[in-house]
Amino acid sequence: MNPFSSGTRLRDMIRAIRACKTAAEERAVVRKECADIRASINENDQDYSHRNLAKLMFIHMLGYPTHFGQMECLKLIASPGFPEKRIGYLGLMLLLDERQEVLMLVTNSLKQDLNHTNQYIVGLALCALGNICSAEMARDLAPEVERLLQFRDPNIRKKAALCSVRIIRKVPDLAENFVNPAAALLKEKHHGVLMTGVQLCTELCKVSIEALEFFRKRCTEALVRTLRDVANSPYSPEYDVAGITDPFLHIRLLKLLRTLGHGDAEASDNMNDILAQVASKTESNKNAGNAILYECVQTIMSIEDNGGLRVLAINILGRFLSNRDNNIRYVALNMLMRAMTVDTQAVQRHRATILECVKDSDASIRKRALELIYLLVNESNVKSLTKELIEYLEVSEEEFKGDLSAKICSIVEKFYPEKNWYIDQMLKVLSEAGNYVKNDVWYALIVVITNAPALHGYSVRALYKAFQTSSEQENLVRVAVWCIGEYGDLLVTNTGMLDLEDTITVTESDAVDVIEIAIKHHLSDVTTKTMALIALLKLSSRFPSCSERIQAMMVQHKGSLFLELQQRSLEFGSIIQKHQNIRPSLVERMPVLDEATFSGRRGGSLPTSVSTSGKASLNIPNGIAKTVAAPLVDLLDLSSDDTPAPTSSSTANLLQDLLGVDSTLSSAEPGNTMQPSKAGADILLDLLSIGTPAPLQNGSNSMNGDLLSTQVNKSPVSSLDTISLPSSVSVQPSLGPPSSMMDLLDGFGLTPPESVTEEKGSEYPPVVAFESGSLKIVFDFSKKPESPQMTNIVATFTNLTPNTFTDFLFQAAVPKFLQLHLDPASSNTLPASGNGTITQTLRVTNSQHGKKALVMRVRIGYKVDGKDASEEGHVNNFPRSL
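Residues numbered from 1 in each chain as written. Predicted model: local features only at pLDDT ≥ 70, side-chain atom pairs only at ≥ 80, totals over all residues. Heavy atoms only, no water.

Focus: the overall build of the protein
Next up, step 1: Within the protein, the secondary structure is distributed over 37 helices and 10 strands.
Next up, step 2: Looking at the protein as a whole, 49% of its 882 residues qualify as buried.
Next up, step 3: Within the protein, contacts between residues separated by at least 24 positions form 70% of all contacts whose residues are at least 6 apart in sequence. (Helix = DSSP H or I, 4+ residues; strand = E, 2+ residues; numbered from the N terminus. Buried < 20%, exposed > 50% of the residue type's maximum accessible area, 1.4 Å probe, protein only. Contact = heavy atoms within 4.5 Å.)

This is the structure:
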């Protein structure tokens, strides 16, 4: 034995590796064996090269590097003997792949072996080529493979067909060379050759339209005959699997027929009879039969329309749903979802079985069945399906409640026949899974309730009952609190009773008890408590006898750690104590929200402001034009243009949302004929610290936009509607200083709003846009009256250092809503110590003029004594009116 050869046999090495107790011991054994193999390769030891390569393959499968043995594979492939070639080709397929450059060296050996007289060597070459063939090898060796498709031995023809599949995938242009040989393989009697021939034809149809048309015209009838022969063949132990003759060939033939029948009516007609026979006669009590039935169903659903066959296919899928195997039920649900697009009525017949799958223990089946049930719902079955789903919601697992409740809510919103049914179903969902539903769900419920005046009493009573049993469901609590705050008087008086209701007795104290429980519950968050405070304020007006109790509850939150609760407690307490005469007007019922507008906003197709039902939105223009500072995001990141700047209209909407202003300028209550009165306006202005009303110079009856700039904007503003102004009160601001400064929170004086006209009265003053220890930039502005959006800027650069700046370059960047044009600079050399300046003109066009202020990021580059230097910064001190 050569002293450098690895004398350890493969089985001994495997035993040694398996005997290792730690990874370190295993690595030591592998290192020793690899060292011995390298030494043997360096010594060119031919006696043990096949053993060394076998050990390298095992080491490779363990995950260790074996690249040093690649050339040994090529040497063994070039050997004349079959045993050496066999181990060489096996190593080639394991240790190399098509991306290895060394693979080019084996092409010639492969070509020689494909023409070898020994069919077993030919088979080795075909196996290797079918596994690692690259595009270059495919072009070089395609003629040899094509020739072998007609070889005398069926095993060689089978391997040549599989190798042809690989070649076509790598080089689709070679497909036309294999069409006729592939068609000849479809006449084979040997099942192995026939199956590979069918696979080759299927691959050719995928990559070549010409091949697809050829097989449709020439081979469809032959394939149908072959499938019929296989389906009707007697028992054959060679091909029998669970009592079915060669199910693998069945499936391959069905896949090829599916490809040929798709989009071709004539080919589909030719295969209808055999598909019906396979679908009706195949046994489904074994897995092999189910696999054939599944492929048959896929083929029926893919070929051209045949209503009877599709009903048969869907019935097969219905039987699959009753199978105990989870995999079979899952694929059946997937196929039924596809079938919904072609025959909904046939799928509807299996609705009960699908509904049972929603209750399955397997999570993936539950979710897929729920998606299918969602597709099955329509106006005729929405009530029955919703009833079943809600009943299951009561007993479903916690992790499934979120998905299930979301689908139920979507179904109810989409198909509800009447609003009282919608309200009932939503309350059931909120009672069972209120903590799992999204905010949009209970928002929508409130919108629907406000749009059903006849159901206000019914809704508040139903919510009161639901609260008694499900007070831990926070979203239900929010809707209940909101409705009791709005319609608490209807709850107490049993107004608007429906025939299906039972009379209940609720006192004013009982209604307040609900709010108190909600606000004191340990699970209630800030949003719920805030809504509860609003409801208490409204109930203080609707239930005067409980006013003192409500005020005591308000006081408890004066020291809250949450600023929102603290602020509302103080403000609402002040309203209850000091403004009883206007409190009923302030807390009138919310205006009716337009359902269509809410749905559009929810879908993202409309602005976030919600107009009132059937009437124009409230327009509160500013009395004095004030520009709004650009948002902070623009100052920090000039590329971020996705955050809209606040505008005057959005400011008005914010105030409207804060105070719950009725946007109709008429009462939301039918029959309310209260007329605007100067006294009412005086009281309201006194409450909000705006001052006595005075007519504007332009004669418009609009609310001063400075309302928010004086006091309201000094505290956080919630998006919740807190107070409803009487819809008939007309507000007229004063441009002068307010005559009385009564503040909502006990008379803190307000600073009169600053006038913007002072800035407009003077020319735009120069602005120091940038200043450092070495450089100063001053901007001078000018505008043309006919182009208010365009601003001309003259930038003046001054050198503050004793060194001259050369190669001076000024760069600027602006957000997307601005357009910037830079004229050439007056020079590229900036004298030292301020002895000279450089000027450069900029033109900025603001597409959001009046909405967003100018912002700019600047960068200055120059050279000092031949060394590059640069400075950069933000410019955010532009005059606001630019």
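Overview of the sheet that holds strand β4 (residues 775–784)
Strand pairing in a sheet is mediated by backbone hydrogen bonds. Such pairs are either parallel or antiparallel.
Next up, step 1: Across the sheet, 5 strands lie side by side as β3-β4-β5-β8-β7; this open sheet has antiparallel pairing. The open sheet has two edge strands, β3 (767–771) and β7 (818–822), and neither has a second partner. Going from strand to strand, the sheet's axes swing by 25° on average, the running direction of each strand aside. (Pairing = 2+ DSSP bridges. Axes fitted to C-alpha atoms, helices over the stretch in contact; angles between N-to-C directions.)

Structural notes on the confidence of the model for the protein
Next up, step 1: Averaged over every residue, the pLDDT of the protein is 80; the share at 70 or more is 81%.
Next up, step 2: Low pLDDT, under 50, characterises residues 605–762; the stretch is placed with 259 contacts to residues that sit more than four places away or in other chains. (pLDDT = per-residue confidence, 0-100.)

Things to note about helix α21 (residues 382–395)
Next up, step 1: With 14 residues, α21 extends 21 Å from end C-alpha to end C-alpha; this agrees with the ideal 20 Å at 1.5 Å per step.
Next up, step 2: Turning to α21, its buried residues number three or more, namely Val 382, Leu 385, Thr 386, Leu 389, Ile 390, Tyr 392 and Leu 393. All buried residues of α21 project into a common sector of 160° when viewed along the axis, lining one side. Exposed residues on α21 whose side chains face more than 90 degrees from its buried face are Lys 387 and Val 395.
Next up, step 3: In this fold, the buried residues of α21 make contact with α19 (351–358), α20 (363–376), α22 (398–415) and α23 (419–433). (Expected span 1.5 Å × (residues − 1). Arc of directions from axis to C-beta.)

So, the sheet that holds strand β10 (residues 867–875)
Next up, step 1: Reading across from one edge, β6-β9-β10 is the order of the 3 strands in this open sheet, with antiparallel pairing throughout. The sheet terminates laterally at β6 (806–813) and β10, the two strands that pair on one side only. The sheet shows a mean angle of 15° between the axes of neighbouring strands, taken without regard to direction.
Next up, step 2: Pairing geometry for strand β9 (residues 856–864) and β10, over 9 bridges, is antiparallel. Bridging from a neighbouring strand, Met 856 pairs with Val 875 of β10.

Topic: the packing of aromatic side chains
Next up, step 1: The final tally for this structure, using the stated rule, is 11 aromatic pairs.
Next up, step 2: Among the aromatic residues, those joined into a cluster by ring pairs are Phe 779, Phe 781 and Phe 878.
Next up, step 3: One cation-aromatic arrangement involves Arg 38 over Phe 68; the distance from NZ or CZ to the ring centre is 4.3 Å.
Next up, step 4: Lying across the ring of Phe 400, Arg 366 places its NZ or CZ 4.9 Å from the centre. (Phe/Tyr/Trp six-rings, centres within 6.5 Å; stacked < 30°, edge-to-face > 60°. Lys NZ or Arg CZ within 6 Å of the ring centre and 35° of its normal.)

Concerning empty space enclosed by the protein
Gaps left between atoms show up when a probe the size of a water molecule is rolled over them.
Next up, step 1: Evaluation of the coordinates by the stated rule reveals 5 cavities of 30 Å³ or more.
Next up, step 2: Here the second largest cavity defines a volume of roughly 70 Å³.
Next up, step 3: Its residues assigned to classes, the lining of the second largest cavity shows 5 nonpolar, 3 polar and 2 charged. (1 Å grid on protein atoms, 1.4 Å probe; cavity = no way out; pocket = protein on both sides within 12 Å on 5 of 7 lines; lining within 4 Å. Points joined across faces, edges and corners; volume = space filled by probe spheres on them. Nonpolar A, V, L, I, M, F, W, Y, C, P; charged D, E, K, R; others polar.)

Focus: the pattern of salt bridges
Opposite charge on two side chains lets them pair, provided their charged atoms get close.
Next up, step 1: Here the structure, examined in full by the defined rule, presents 30 salt bridges.
Next up, step 2: Linking Glu 295 and Arg 258 is a salt bridge whose minimum nitrogen-to-oxygen distance equals 3.1 Å. Of the two residues, Glu 295 is situated in helix α15 (residues 287–302) and Arg 258 in helix α13 (residues 247–261); the sequence distance between them amounts to 37 residues. As far as burial versus exposure is concerned, Glu 295 and Arg 258 are alike and both buried. (Salt bridge = Lys/Arg side-chain N within 4 Å of Asp/Glu carboxyl O.)

Notes on the environment of Ala 552
Next up, step 1: Along the chain, the position of Ala 552 falls in helix α29 (residues 547–555).
Next up, step 2: The class for Ala 552 is partly exposed, based on a relative accessible area of 42%.
Next up, step 3: Separated by 21 residues in the primary sequence, Ala 552 and Gly 573 place their C-alpha atoms 8.9 Å from one another.

Comments concerning a nonpolar patch on the surface
Next up, step 1: Taken together, the side chains of Met 61, Leu 90 and Leu 94 make up a nonpolar region of the molecular surface, amounting to roughly 270 Å² of accessible area.
Next up, step 2: For Leu 94, a relative accessible area of 33% puts it in the partly exposed group. (Patch = residues over 30% accessible without salt bridge, like charges linked within 9 Å, V, L, I, M, F, W, Y side chains within 5 Å. Areas by Shrake-Rupley, 256 points an atom, 1.4 Å probe, with all protein chains shown as cover.)

Considering the environment of Met 57
Next up, step 1: By the secondary structure assignment, Met 57 is in helix α3 (residues 49–61).
Next up, step 2: Put simply, Met 57 and Leu 95 are 38 residues apart on the chain and 7.1 Å apart in space, counted from C-alpha to C-alpha.
Next up, step 3: The residues contacting Met 57, other than those within four sequence positions of it, are Ile 87, Leu 90, Gly 91, Leu 94 and Leu 95.

Notes on the packing of helix α26 (residues 474–493) against helix α27 (residues 508–520)
Next up, step 1: Running from N to C, α26 and α27 cross one another at 165°; their axes reach a closest spacing of 10 Å. When the axis of α26 is compared with that of α27, the two are roughly antiparallel. Between α26 and α27 the crossing geometry is left-handed. The segment α26 lies against α27, with Val 477, Val 481, Ile 484, Leu 491 and Val 492 engaging Glu 508, Ala 511, Val 514, Ile 515 and Ala 518.
Next up, step 2: A class-by-class count of the residues in the contact of α26 with α27 yields 9 nonpolar, no polar and 1 charged. (Parallel < 35°, antiparallel > 145°, perpendicular 65-115°, else oblique. Left-handed = near helix turned anticlockwise from the far one by under 90°.)

Brief notes about the environment of Tyr 464
Next up, step 1: For Tyr 464, the position within the fold is in helix α25 (residues 456–469).
Next up, step 2: Taking the C-alpha atoms as reference points, Tyr 464 and Ala 511, 47 residues apart in sequence, are found 8.3 Å from one another.

Focus on unusual backbone geometry
Leaving glycine aside, a negative phi is the common case for residues, and trans is the common case for peptide bonds.
Next up, step 1: Phi at Ala 242 takes a positive value of approximately 55°, unusual for a residue other than glycine.
Next up, step 2: Within the element layout of this structure, Ala 242 appears in the loop between β1 (240–241) and β2 (244–245).
Next up, step 3: For Ala 242, a relative accessible area of 43% gives the class partly exposed.
Next up, step 4: Here the phi dihedral of Ser 833 falls at roughly 55°; this positive angle occurs in a residue that is not glycine.
Next up, step 5: In this structure, Ser 833 sits in the loop between β7 and β8 (837–846).

Topic: the pairing of β4
Every other side chain in a regular strand lies on the same face of the sheet, so the side chains alternate between the two faces.
Next up, step 1: Alignment of β3 against β4, held across 4 bridges, turns out to be antiparallel. The residue bridging Val 768 from the neighbouring strand is Val 778, located in β4.
Next up, step 2: As consecutive antiparallel partners, β3 and β4 are separated by 3 residues.
Next up, step 3: Where β4 lies against strand β5 (residues 787–799), 9 bridges are found, and the strand directions are antiparallel. Directly across from Asp 780, in β5, lies its bridge partner Val 794.

Things to note about the packing of helix α17 (residues 326–339) against α20
Next up, step 1: Following both chains from N to C, one finds α17 and α20 inclined at 25°, their axes separated by 10 Å at the closest point. By the angle class used here, α17 and α20 are roughly parallel. Remark: the crossing between α17 and α20 carries left-handed chirality. From α17, Asn 326, Arg 329, Tyr 330, Leu 333, Asn 334, Leu 336 and Met 337 reach across to α20, where they touch Ser 364, Ile 365, Arg 368, Ala 369, Glu 371, Leu 372 and Leu 375.

Thoughts on the side chain of Asn 799
Next up, step 1: You can see Asn 799 is positioned in strand β5.
Next up, step 2: Overall, Asn 799 belongs to the buried group, its relative accessible area being 0%.
Next up, step 3: A polar contact of 2.6 Å, which involves the side chain of Asn 799, links it to the backbone oxygen of Asn 803.
Next up, step 4: At a separation of 3.3 Å, a polar atom in the side chain of Asn 799 contacts the main-chain carbonyl oxygen of Pro 831.
Next up, step 5: Setting aside residues no more than four positions away along its own chain, Asn 799 makes contact with Ser 774, Thr 804, Phe 805, Leu 830, Pro 831, Ala 832, Ser 833 and Gly 834. (Polar contact = N/O pair within 3.5 Å; in protein donor to acceptor, adjacent residues only side chain to side chain.)

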